[in-house]
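Close look at the chain arrangement
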2 protein chains.
Amino acid sequence: MDYWFTDSLPYLLNRAGVALGETFSKRIARYDVTLPMYRVLAILRQTGPKSLGELSSLVSVEMSTLSRMIGTMTKAGLVTRIRPPENGRVVSIEITDKGAALADELMQIAMRFERGILGDMDAAAAHELKTLLRQISQRIDRL
Amino acid sequence: MDYWFTDSLPYLLNRAGVALGETFSKRIARYDVTLPMYRVLAILRQTGPKSLGELSSLVSVEMSTLSRMIGTMTKAGLVTRIRPPENGRVVSIEITDKGAALADELMQIAMRFERGILGDMDAAAAHELKTLLRQISQRIDRL
DNA sequence: CGTAAATACTTGCAACTGAAACATTTGCGC
DNA sequence: GCGCAAATGTTTCAGTTGCAAGTATTTACG
């Protein structure tokens, strides 16, 4: 057998992803935000308003799930749903001041978290890793 | 701001992981196996019987979830639960012949799938990627 | 040896998820 | 313009998940 499952890319990717996600989730739990919520906030904060569909693909979350999530985030005062006059079937999600402040705070935590993990890793290697991950995503999309 | 969320490691990792998982899940759906089930089968097939706890950490799935999953896999005749005489509180999960045959078939698909993604990527780069992913997991475990 | 603590797993329950059905708005062909 | 198909979100419902509590077995300790 020339194939070893625990050396396969999907396995290693999942393992690292789950571990990272779980650990980071704990760090932000006290802000009453889940990891996907943080991702939404960070993206809105750094790239401005987005439609549900755009957000869905950016954060890799099903649209139905995201729709509900935006509902609870709206109740929490972190984002607002806006129906743009020029296109009535789109919903534009915008971050509130409160949401932006929270995003800033959480991104500080994320920065430190990432440094803690990549910290003593060769900077070039870290960059290489990210480049490869981007390539993987692209290749799958084209598949 | 010297931090760009969509360039962060957890984001890129999640994005690639979700995309890979979704695509591969579709490829094995017709065998009536979910992705986590495939992982269980592959590990059992390649490394022999495992306790629930071991499996849980190997496949990154909660033990309660896994316990139920093993239940349905047992009903499907893919694995068996065995209570070893020497330690009655452990449950040893063993793969059946049917499960082994399925695992072999699915691993062939996984092999081709991985080749399709890493195919035209530099072999050294692919290896580097895996090494880095392993390092990430280790660093988090120690965190 | 008997009881308390630890280990390993299972189950109950509330919350969450994904697929399908539904609703609304837009654009296209005529 | 009018009807119909496509685009975009929302809601419903059945199935799944994770946490906490429960059960069973083994180990430790007085």
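Residues numbered from 1 in each chain as written. Chains lettered and ligands numbered in written order. Predicted model: local features only at pLDDT ≥ 70, side-chain atom pairs only at ≥ 80, totals over all residues. Heavy atoms only, no water.

Here the focus is the sheet that holds strand β3 (residues 92-95) of chain B. All names here are of chain B. Overall, antiparallel pairing links the three strands, which are arranged β1-β3-β2 in an open sheet. Sheet topology places β1 (50-51) and β2 (79-82) at the edges, where each strand pairs with a single neighbour. By the bridge criterion, four bridges tie β2 to β3 in an arrangement that is antiparallel. In the strand pairing of β3, T80 is matched with E94. (Pairing = 2+ DSSP bridges. Helix = DSSP H or I, 4+ residues; strand = E, 2+ residues; numbered from the N terminus.)

Looking at DNA strand C, there are 18 residues lining it, with T65, R68 and G88 of chain A together with L52 and R81 of chain B nearest. In DNA strand C, the atoms that sit within 4 Å of the protein are 66% sugar and phosphate, with bases accounting for the remainder. Between DNA strand C and S64 of chain A there is a distance of 3.4 Å, counted from a base nitrogen to a side-chain nitrogen or oxygen. With respect to DNA strand C, the side chain of S67 of chain B contributes an N or O atom lying 2.7 Å from a phosphate oxygen. Those elements that provide at least two residues to the surface near DNA strand C are α4 (63-75) of chain A together with α3 (52-59) and α4 (63-75) of chain B. Among the elements that line the surface near DNA strand C, the one with the most residues is α4 of chain B, at four residues. (Near = heavy atom within 4 Å. Polar contact = N/O pair within 3.5 Å; in protein donor to acceptor, adjacent residues only side chain to side chain.)

Turning our attention to the relation of the copies chain A and chain B. Least-squares fitting of chain A to chain B yields an RMSD of 0.1 Å, with the superposition described by an axial translation of 0.0 Å and a rotation of 180°. Taken together, the rotation and translation relating the two chain copies correspond to the operation of a two-fold axis. By C-alpha distance to the rotation axis, the residue of chain A lying nearest is L129 of chain A, at 3.0 Å. A share of 100% of the interface residues of chain A reappears at the interface of chain B, consistent with the copies meeting face to face through the same patch. (Least-squares fit on C-alpha atoms with pLDDT ≥ 70 in both. Contact = heavy atoms within 4.5 Å.)

To continue, consider the pattern of salt bridges. By the definition in use, this model includes six salt bridges over all chains. One salt bridge in this structure joins R45 of chain A and D104 of chain A, with 2.8 Å as the shortest N-O distance. One end of the pair, R45 of chain A, is in helix α2 (residues 35-47); the other, D104 of chain A, is in helix α5 (residues 97-118), and 59 residues separate them in sequence. Of the charged contacts in the structure, one is a salt bridge between K130 of chain B and E114 of chain B, with a shortest N-O distance of 2.7 Å. Residue K130 of chain B is located in helix α6 (residues 123-141), and its partner E114 of chain B is located in helix α5 (residues 97-118); the two are separated by 16 residues in the primary sequence. The exposure classification of K130 of chain B matches that of E114 of chain B, with both residues buried. (Salt bridge = Lys/Arg side-chain N within 4 Å of Asp/Glu carboxyl O. Buried < 20%, exposed > 50% of the residue type's maximum accessible area, 1.4 Å probe, protein only.)

This paragraph deals with the sheet that holds strand β1 (residues 50-51) of chain A. Spatially, three strands are ordered β1-β3-β2 (chain A) in an open sheet, and the strand pairing comes out antiparallel. Across the chains shown, the open sheet's two edge strands, defined by having one partner strand only, are β1 and β2 (79-82) of chain A.

A separate point is the protein's contact with DNA strand D. For DNA strand D, the set of nearby residues contains 18 residues, the closest of which are L52 and R81 of chain A together with T65, R68 and G88 of chain B. Backbone atoms, meaning sugar and phosphate, make up 63% of the atoms of DNA strand D lying within 4 Å of the protein. Within the backbone of L52 of chain A, an N or O atom sits 3.4 Å from a phosphate oxygen of DNA strand D. E62 of chain B is positioned with one of its side-chain polar atoms (N or O) 3.4 Å from a phosphate oxygen of DNA strand D. Elements supplying a minimum of two residues to the surface near DNA strand D: α3 (52-59) and α4 of chain A together with α4 of chain B. Per-element accounting of the surface near DNA strand D gives the leading share, four residues, to α4 of chain A. Its residues assigned to classes, the surface near DNA strand D shows four nonpolar, eight polar and six charged. (Nonpolar A, V, L, I, M, F, W, Y, C, P; charged D, E, K, R; others polar.)

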